[in-house]
Amino acid sequence: MWKILLLRSTLFLSLVASIAGAEERAPNERAIFFSDHPNQEAPEVYVVGDVVTVLALEQPCDPARTKMLGWEGRFEPLQCAGRWVLLAPIRDLEPKDRFMLLVTLADGTELPFTVTSKQEDVMDRTGDQQVNVFRNREASKAVLASLHDSLRREEKLRETVARYQKEEDSVDHALAALLLKGATKQTTFRERRRALFKCPTGAEFRITVFASKSQDKMAVVFNVKNNSPSEPWSLMEARLLTAEGQEDRPFALRASRALWGPGGESGQIAVVVDASAFDAKGGSENLVLELFRHGDGLRQAWVFLDQHILRE
């Protein structure tokens, strides 16, 4: 366990590295369509560290003529088996990283791709898990895949719009946004605890816990600095659980950036928790707030939130 620089009886903060439990999620699947147009650019395939991305082809590929340039040290050896090409990055890529992949089919057809990363929403940063590749957009399977892609995009857009609308009307999200800007004086929050942790991997966390008696809410602000000389840092997921029952509880989260670049880039993550989150059958229960790093899924930080802080 890493050295704890600050420990209070009513609030225990610890920084650890442990494997995050995998959650059941629908595969991130989409289709790529090639055309005979000479100016078509190589389509992009988005990958993340320690997650296998599969290219599903219409016919078997030729392993001897399927290659990726500059993969050494960044990917596991490229696998080409039957109609499947497997990409397995060892760690997250930076947005500027672009690897040229040439897939050659059994009939000699060459399909070029660009393998890179895609920086999206801080809470939803998965890459491609399966990419279905089609040369003929008019074929029945390609038409069906295109329809499914459209339906998935529409559903994701609806979810995103619904989330943004909910956040616009959410008091807790508004408070988190103010804390993110350092505008504490514009809120009723008052600082209660503070701690500093430094990870062996380079990430540094300055953690401040706030409480508001009048609004009956608690907040945690993580000032994150990535001191790694070469590896980026990003948040995969935050979870708020009951300390004993491990039941999920609602919270509001805002982050100042999606990716912390190496070399000391800094940013904030603000979380606001309503007092009702502590409610449990037969009384109330303390909570645990966890942060998981994108790429390898390691738990980076967890904060034990004692309900009594609200009454201090």
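See the structure above.
Structure report, in brief. Along each chain, the written sequence defines residue order, and numbers are assigned to residues from 1. Given that the model is predicted, a residue must reach a pLDDT of at least 70 before its local features are reported, and side-chain atom pairs must reach 80 or more before they are shown or counted; all residues, however, enter totals for whole chains, interfaces and linings. Each side-chain value is worked out from all heavy atoms of the structure, with water and hydrogens disregarded.

**With respect to the side chain of Arg74**
Condition: Helical segments are the DSSP runs of H or I of at least four residues, strand segments are the runs of E of at least two, and each set is numbered from the N terminus. Exposure classes here rest on a 1.4 Å probe applied to the protein chains alone. A residue is buried below 20% of its type maximum, exposed above 50%, and partly exposed in between. The criterion used for residue contact is that any of the two residues' heavy atoms lie within 4.5 Å.
Looking at the element boundaries, Arg74 is found in the loop between strand S6 (67-68) and strand S7 (79-81). A relative accessible area of 18% places Arg74 in the buried class. Every residue in contact with Arg74, bar those within four places of it in the chain, is listed here: Pro89, Ile90, Arg91, Asp92, Leu93, Glu94, Asp97 and Phe99.

**Focus on helix H2 (residues 171-180)**
Rule in force here: In this context, the arc is that of the directions from the helix axis out to the C-beta atoms. Polar contact is defined as a pair of N or O atoms within 3.5 Å, subject to the rule that within protein one atom must be able to donate a hydrogen and the other to accept it, and that residues adjacent in sequence are counted only when both atoms are side-chain atoms.
Along H2, the positions that sit buried rather than exposed are Asp172, His173, Leu175, Ala176, Leu179 and Leu180. One face of H2 carries all of its buried residues, which in axial projection span an arc of 160 degrees. One side-chain oxygen at the N-terminal end of H2 lies 3.3 Å from the backbone nitrogen of Asp172; it belongs to Ser170. Positive phi appears at Gly182, one or two residues downstream of H2, with a value of about 75 degrees.

**Some details on the sheet that holds strand S4 (residues 44-46)**
In any sheet, the strands associate via hydrogen bonds between backbone groups, in a parallel or an antiparallel arrangement. This is how it is decided: Whether two strands pair comes down to DSSP finding at least two bridges between them.
Judged by pairing direction, the sheet is mixed, and its four strands sit side by side in the order S4-S10-S9-S6 without closing on themselves. Two strands lie at the open edges of the sheet, namely S4 and S6, each paired on one side alone.

**Describing the environment of Gly182**
Topologically, Gly182 is positioned in the loop between H2 and strand S12 (190-198). Residues Gly182 and Gln268, spaced 86 residues apart in sequence, show a C-alpha to C-alpha distance of 9.6 Å.

**Looking at the pairing of strand S9 (residues 99-104)**
One ladder, built from two bridges, connects S6 with S9; its direction is antiparallel. Note on S9: the bridge partner recorded for Met68 is Leu101. Note that S9 and strand S10 (residues 110-116) share six bridges and pair antiparallel. Opposite Met100, over in S10, you have Thr114 as the bridge partner. With antiparallel pairing between neighbouring strands as the criterion, S9 and S10 make up a hairpin whose turn holds five residues, including Gly108 at a positive phi of roughly 95 degrees.

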